[in-house]
Amino acid sequence: MSDTRDRLPGHHTGPAWTRLSRTRTRPTRRLVVLAALGVLLYGAGANVQAGWVVVLAALMLGTVPWGWYTARHAATTVEVRRRLARRLESGVEEPVALEVRARSAASLVVHDHLTRAIGHTEDPREGTTVVGRVRLARGSATGGVVTVLTSDPFGLFTATTSARVPSTVDVVPSAAPVRAADLTAAWAIQAGEEASRSGGGPDVMGVREYQHGDPVRAIHWRSSARRNELVVREFADEARPDVRVDIAEGSWEREALDRACEALVGIATDARAHAHPVRIGVDGRSYRWSPAVRDTLASLPPHLGADPRPLDGPPASDAEVTITFRPTTDGPLVVAERGGGRVELGVIPSTADLETVGAWLAEAIGKRRELVGGRR
């Protein structure tokens, strides 16, 4: 099996090799047949006084302890380590490489329970790599169990050994794709109202933080040098209503909170791409939206590897448009508010995948555009 390091750019190698433990050795059917045949030959040879038959039987029976030692020794020398990115996105399938080596010529069958990948090698002394793919939930993954089945060259014994291989990785929520091409911004938060703009001409209103996708010609280099960060000119016709996306207080189920985080990231990313000032309210704090906020969302309990606890309510908001996710038994309830108007847009199913969350958002936008002032 060939090494696949060149196919896994950007992946890191685990801090150390892990020696597998909990070894269990079992005889195979081939051993039973060989032992029975050896005993018969030995008896027949001794009965007719045929020395060569006795020697042949002794050689056959002598392979039994040798096979047991070979299989077990291979199992006790197996070492593995896992290679994958330190930071992944939830719901996105990623490649994972499991490196395996052993100081023995015995054959190995490797099963990585994290990725469900299975590999085989006849000679692991030079090392081999098993490649699988994994789709992880939001939170912190700490690895998975690896099982290796070893066998002696004659297949008389199999030894099974396993251990949990540490692989710490942070999984941040992915952005649910907002697919509403007929709208100028997600949730129609531009509102379709000229009054929601600060002006209609090309006048410069000020500067704002650079966002991915802003044209280079809009960068204000003098202000960027003074602030030690990239800022761009904000023109009068770029101003948009403030947007706040909140995760409500309460006891959340993990799957429901995962869906809420994915929808939140999708809405915030799309709104910010259209120059709307965006803030996130979660667990008693408010954050100006940036991709780094996904790390905060990844650590919200309950998540993969963390026990549940009730989340605190978000701080008070004076944003023009507020989208709030509230916990229910079936998934997050989405509530939209603008100018005193409030509408429940529905519940995103906890079992939805990333694509389904995006489709749900697009459908909700179409049904409730009037709430936020969008024109039909």
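What you see is a predicted model; the values in this text were computed from it and never measured.

J.: Could you clarify how one ought to interpret the packing of helix H1 (residues 29–48) against helix H2 (residues 51–76) in this entry?
T.: Each pair of packed helices can be described by the angle between their axes along with the distance between the axes. One can describe the packing of H1 onto H2 by two numbers: an axis separation of 8 Å at closest approach and a directional angle of 155°. Comparing their axes, H2 and H1 come out roughly antiparallel. As H1 packs across H2, the resulting crossing turns out to be left-handed. For the pair formed by H1 and H2, the contact residues are Leu31, Leu34, Ala35, Leu37, Gly38, Val39, Leu41, Tyr42, Gly45 and Ala46 on the first element and Val53, Val54, Leu56, Ala57, Met60, Leu61, Thr63 and Val64 on the second. Residues that form the contact of H1 with H2 fall into these classes: 15 nonpolar, three polar and no charged.

J.: Please explain H2 as it appears in this structure.
T.: For the α-helix, the turn length of 3.6 residues means that residues three or four positions removed from each other point alike. Between its first and last C-alpha, H2 extends 38 Å over 26 residues, near the 38 Å set by a 1.5 Å rise per residue. On the buried face of H2, the contacting elements are strand S3 (21–27), H1, strand S10 (139–151) and strand S11 (157–172).

J.: Is there a simple way to explain the layout of surface pockets in this structure?
T.: Reported here for the largest pocket is a volume of approximately 340 Å³. Along the walls of the largest pocket sit 23 residues, with Asp242, Pro277, Val278, Arg279 and Arg288 positioned nearest its centre. Considering each element in turn, the lining of the largest pocket owes the most residues, three residues, to strand S12 (residues 204–209). Classifying every residue of the lining of the largest pocket gives eight nonpolar, four polar and 11 charged.

J.: Please explain the sheet that holds strand S17 (residues 321–326) as it appears in this structure.
T.: As a general point, the strands of a sheet are linked pairwise by backbone hydrogen bonds and lie either parallel or antiparallel. In spatial order, the strands read S16-S15-S14-S17-S18-S19; together these six strands make up an open sheet with mixed pairing. Of all the strands in the sheet, just strand S16 (285–288) and strand S19 (341–347) have a single pairing partner and so form its edges. Strand-to-strand, the axes of this sheet are offset by a mean angle of 20°, without reference to chain direction. For strand S14 (residues 243–247) and strand S15 (residues 278–282), the ladder comprises five bridges, and the chain directions are parallel. Counterpart to arginine 244 in the pairing with S15 is arginine 279.

J.: Just checking my understanding: could you explain the pairing of strand S8 (residues 117–121) for this structure?
T.: Regular strands place their side chains on alternate faces of the sheet. Of the two faces of S8, only the one carrying Ala117, Gly119 and Thr121 is buried; Ile118 and His120 on the other face are not. Linking two consecutive strands that pair antiparallel, namely strand S7 (residues 107–112) and S8, is a turn of four residues; a positive phi of about 65° is found at arginine 116 within it.

J.: Would you take a moment to explain the pairing of S15 for this structure?
T.: Among the five residues of S15, four are classified as buried, and the element is accordingly described as predominantly covered. In this region the chain leaves S14, passes through helix H4 (residues 254–273) and returns to the parallel neighbour S15; the handedness of that crossover is right-handed. Relative to S16, S15 is paired through four bridges, and the arrangement is antiparallel. Paired with arginine 279 across the bridge in S16 is arginine 288.

Conventions used here
- Residues numbered from 1 in each chain as written.
- Predicted model: local features only at pLDDT ≥ 70, side-chain atom pairs only at ≥ 80, totals over all residues.
- Heavy atoms only, no water.
- Axes fitted to C-alpha atoms, helices over the stretch in contact; angles between N-to-C directions.
- Helix = DSSP H or I, 4+ residues; strand = E, 2+ residues; numbered from the N terminus.
- Parallel < 35°, antiparallel > 145°, perpendicular 65-115°, else oblique.
- Left-handed = near helix turned anticlockwise from the far one by under 90°.
- Contact = heavy atoms within 4.5 Å.
- Nonpolar A, V, L, I, M, F, W, Y, C, P; charged D, E, K, R; others polar.
- Expected span 1.5 Å × (residues − 1).
- 1 Å grid on protein atoms, 1.4 Å probe; cavity = no way out; pocket = protein on both sides within 12 Å on 5 of 7 lines; lining within 4 Å.
- Points joined across faces, edges and corners; volume = space filled by probe spheres on them.
- Pairing = 2+ DSSP bridges.
- Buried < 20%, exposed > 50% of the residue type's maximum accessible area, 1.4 Å probe, protein only.
- Right-handed = clockwise from strand over helix to strand, strands pointing away.

Shape is all these values report; function is a separate question.
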